[in-house]
Every structure is written in structure tokens, then in C-alpha cells.
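As a plain string of letters, each chain reads:
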Amino acid sequence: MCSWIWPARRFLSTASFNLPALDSWIASPKSLVLTDTFHSNHLSDLYITLPTRDGTRGRPYAPPVEGTPLGYGHHLAFFHPRNPEALLRADGTDADFCPPEPFTRRMWAGGTMTWNKGGELKVGEKANVVSTVAKVEKKGFEVGKPMIFVKQRIEVTVEGRNKFGMVEERAHVYQPSVATARSREPLNGLPKSEFSFSYTPSLTTLFRFSALTFNGHHIHLDKDYAQKVEGYQERLVHGPLTALMLLESLIYHRPRAQLRTFTYRAHNPIFVNCAATIHGAVVAKDKAELWCENDEGVVGMTGTVQFDE
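Rules used in this analysis
- Throughout, residues of each chain are indexed from 1 in the direction in which the sequence is written.
- Totals for whole chains, interfaces and linings use all residues, but because this is a predicted model, local features are given only for residues with pLDDT of at least 70 and pairs of side-chain atoms are given and counted only at 80 or more.
- Heavy atoms from the whole structure form the basis of all side-chain values; hydrogens and water molecules are not counted.
- The pairing test for Phe, Tyr and Trp rings, Trp by its six-membered ring, is centres within 6.5 Å, and the orientation test on the planes gives stacked under 30 degrees, edge-to-face over 60, and tilted for anything in between.
- By the criteria applied, helices consist of DSSP H or I runs no shorter than four residues and strands consist of E runs no shorter than two, each listed in order from the N terminus.
- Only protein chains enter the area calculation, which uses a 1.4 Å probe; residues under 20% of their type maximum are buried, those over 50% are exposed, and those in between are partly exposed.
- Whenever two N or O atoms come within 3.5 Å, that pair is a polar contact, provided that in protein one can donate a hydrogen and the other can accept it, and provided that, for residues adjacent in sequence, both atoms are side-chain atoms.
- Contacts between residues were defined by any pair of non-hydrogen atoms, one from each residue, lying within 4.5 Å.
- Note on terminology: a nonpolar core comprises buried Ala, Val, Leu, Ile, Met, Phe, Trp, Tyr and Cys residues joined through side-chain atoms within 4.5 Å.
- Strands qualify as paired when DSSP identifies two bridges or more between them.
- In this analysis, a patch consists of residues with relative accessible area above 30% that form no salt bridge, clustered at 9 Å for like charges and at 5 Å for the nonpolar side chains Val, Leu, Ile, Met, Phe, Trp and Tyr.
- All accessibility values rest on the Shrake-Rupley procedure with a 1.4 Å probe; residue burial counts only the protein chains present in the view.
- The rule for a salt bridge is simple: a side-chain nitrogen of Lys or Arg has to be within 4 Å of a carboxyl oxygen of Asp or Glu.
- Each axis is a line fitted through C-alpha atoms, taken for helices only over the stretch in contact, and angles between the N-to-C directions span 0 to 180 degrees.

It is worth spelling out the packing of aromatic side chains at this point. Taken as a whole, this structure holds seven aromatic pairs when the rule is applied. Their ring planes at 80° and their centres at 5.1 Å tell us that Y72 and W115 sit as a pair that is edge-to-face. A residue pair is termed long-range when its members are at least 10 positions apart, and Y72 in the loop between α2 (40-49) and β3 (105-115) and W115 in strand β3 qualify at 43 residues. A relative accessible area of 21% means that Y72 is categorised as partly exposed. Classification of W115 as buried rests on a relative accessible area of 16%.

Turning our attention to the side chain of N294. Take N294: it is sitting in strand β11 (residues 287-294). A distance of 3.0 Å separates the side chain of N294 from the backbone nitrogen of E296, its partner in a polar contact.

Let us now look at α2. Every buried residue belonging to α2 is among S40, L43, S44, L46, Y47 and T49, and all of these are buried. Taken together, the buried residues of α2 touch α3 (203-212) and α5 (239-253).

Bringing the nonpolar core into the picture now. Residues F38, V156, L259 and F262 are the most contacted members of the largest nonpolar core, which totals 54 residues. For this core, the leading source of residues is α5, giving nine residues. Here L259 is in contact with Y72, W115, L247, L250, I251, V305, Q306 and F307, once residues within four sequence places are set aside. Core analysis: the second largest hydrophobic core is formed by eleven residues, M147, Y225, Y232 and C274 among them.

This part takes up the side chain of E289. In this structure, E289 sits in strand β11. A polar contact of 2.9 Å, which involves the side chain of E289, links it to the side chain of T304. Look past the residues within four positions of E289 in its chain and what remains in contact with it is P191, H279, G280, A281, V283, G303 and T304.

The next subject is the pairing of strand β12 (residues 299-308). Most of β12 sits out of view: seven of its ten residues are buried. Sheet topology note: the strand β9 (residues 258-266)/β12 ladder contains eight bridges and is antiparallel. Its bridge partner being in β12, A266 is matched across the sheet by M301. The antiparallel hairpin formed by β11 and β12 contains four residues in its connecting segment, where G297 sits at a positive phi of about 85°.

What follows deals with a nonpolar patch on the surface. A cluster of nonpolar side chains, L203, F207 and L221, forms an exposed patch at the surface whose accessible area comes to about 270 Å². Tracing the backbone shows L221 in the loop between α3 and α4 (223-229).

Moving on to the environment of L22. Within the secondary structure, L22 is located in helix α1 (residues 19-27). In this structure, the C-alpha to C-alpha distance between L22 and I148, residues 126 residues apart in sequence, is 9.7 Å.

Two pairing modes exist for strands in a sheet, parallel and antiparallel, and in both the strands are linked by backbone hydrogen bonds. Sheet architecture is open: ten strands sit in the order β2-β4-β5-β6-β3-β9-β12-β11-β10-β8, paired in antiparallel fashion. The open sheet terminates on both sides in strands that have one partner only, identified here as β2 (31-37) and β8 (195-199). On average, each strand axis in the sheet is inclined to that of its neighbour by 20°, with strand direction left out of account. Each of β3, β8, β9, β10 (276-284), β11 and β12 touches α5; the most contacted strand, β8, lies at about 135° to it.

So, about the pattern of salt bridges. All told, the structure shown has 17 salt bridges when counted by the stated rule. A salt bridge links R105 to E230; its shortest N-O distance comes to 2.6 Å. Residue R105 is found in strand β3, and its partner E230 is found in the loop between α4 and α5; the two are separated by 125 residues along the sequence. Judged by its relative accessible area of 2%, E230 is buried. As a salt-bridge pair, R170 and E168 come within 2.9 Å of each other at their nearest N and O atoms. When its relative accessible area of 0% is taken as the criterion, E168 is described as buried.

Here is the structure:
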């Protein structure tokens, strides 16, 4: 059994924060343009990392084929800033779209994905991404629990087209502090599970996904850092990996589903080497609810998908 635990935050005085610098950062425009190709070799590495596609669950491994539709959420393995290590933050993360110090602790909070039926992304295609900061919010400052919520908008367009293939919004939370751990209660009100997919994200899984996404965040790979700096009991599974597994589990059980939108939210951290089960239920003819929980019933992430079939 693995208990999923959030680190509780200390109450802090905001007097020591450089609020003018923070407000200046919030007011400044921020954007990033990246180009990448959905190479089948890179996708093959993603496929062999995902337990839904690696050929070990009674279905043969099927490599990606040039010209076929890109899997839902598979763009997450592409379009990453290529910054020199010397320019990364102390925790190994890119500084792009990050607020100034002391807001250095980053958590993936959730997001949305919307697919454009007329601009389908395909294996082998070259595409451009325009990333901007859509919204920044300050929360908890008045009660000594300061947090910065940064919502990033990512528009993916195949080269030569004018129409987005998909649009993603992802939200990160930045905090300045660490404190002792506390338990979180399971969520209530989830539907009865109609299908499920269980797996255990190992350290190898985390290493491979970090490499695939060019993500050097120490919280996924360095146990001492996760425990002594961030205050967690173990290394954390990537938020985008869990979000991707929600999508993968739906497609695994309903392969004909054509997804329109996906909204997800992280509730509790998911730890390495802890068994996780993705549950799902179709609650309307075009809507599915998805969630990931551990063997104690603690929910790490929930998601909602709108789809056609």
C-alpha cells in the first residue's frame, strides 16, 4: 500500500516578497514559439513506455505509422524548450513562464485539451507551437499561504495550415515554501467504474517519461530532493503522464472514440512504485468521467472527456 500525501504549507509573511517585481512579471507579455516533427522513432519510445501500448497486456505492440493520426495527448512528448543546463532553475526545470523567486516550487495543477476535427495531427508531420501565458492569478497572500497560478495556452498547428490542430491549456501552481506532510481525503461523488486499467509507475517509467519530454525536474528522479526539499515521501509521477494515462485508458477500452475535449485536474500527488488504477465511466452518450486512484482509494487526478463515436 502507498499513501498519497501532500506537503502542507507553512504560513508565511508576504513582507519579505518582492511584490513589485512579481507584479511586473505578471504584467509583462510572455510567449514562446517552437517547431517539432512528430517523428515515428520518438513516438515508438513513447509507445514502449506506456503500459497501454507496450505489448504486455495481451495486445501486440503496434509501432506508430507515418501518416496516421497522432494519439490523443501524444503531442506532450514534443515541443520542449531546449535551454542550456546552466539556465535551468535549481530544481532542474525550465525558467520559461515561471514567476520570479521565491516562487520556485512548481506543481502541475491541471488543464484542458481541445482537438480540431478539421486540423488533425498526424505521425510524421512537422508542426509549430505558439505558447503564451493566458492568465496569472495570485491566491492565498492574504492568509499567509501565497501561491501563483499560471495558465499557459499552447496552440499546435501543422506547418502549411492556418487552422489549429489542437489547443492545450495547462495550469501550474508555484509556491515559495515547504512544510510537514498531511493526508488528503479521497474525493466523493465519482460515478461507478465501468472500466479500469491498473499499472505501477516505476522509477524506469519516470526516467523514460522525463527523457521523452526533456523534463529535468528533480522531483521525479531525485528521492533526497523530493523528501528533503519538497517535503514529499517519495518521487512524484509526472502530472502529464497521469493525464495521458487517463486518455490512453479510455482509448484502450473504447478505441473508436473520437475525442473533442479533455479537462483534467490534479487532486493528490501520485508516487513512484505505488499501484495506480485508472477508472472510467461513460455518463452520457458523448461524455466520460475518468479518474486515477491508489489501492487505498485516494484519488490523484480526475478528468472529463467529450467525444464522438
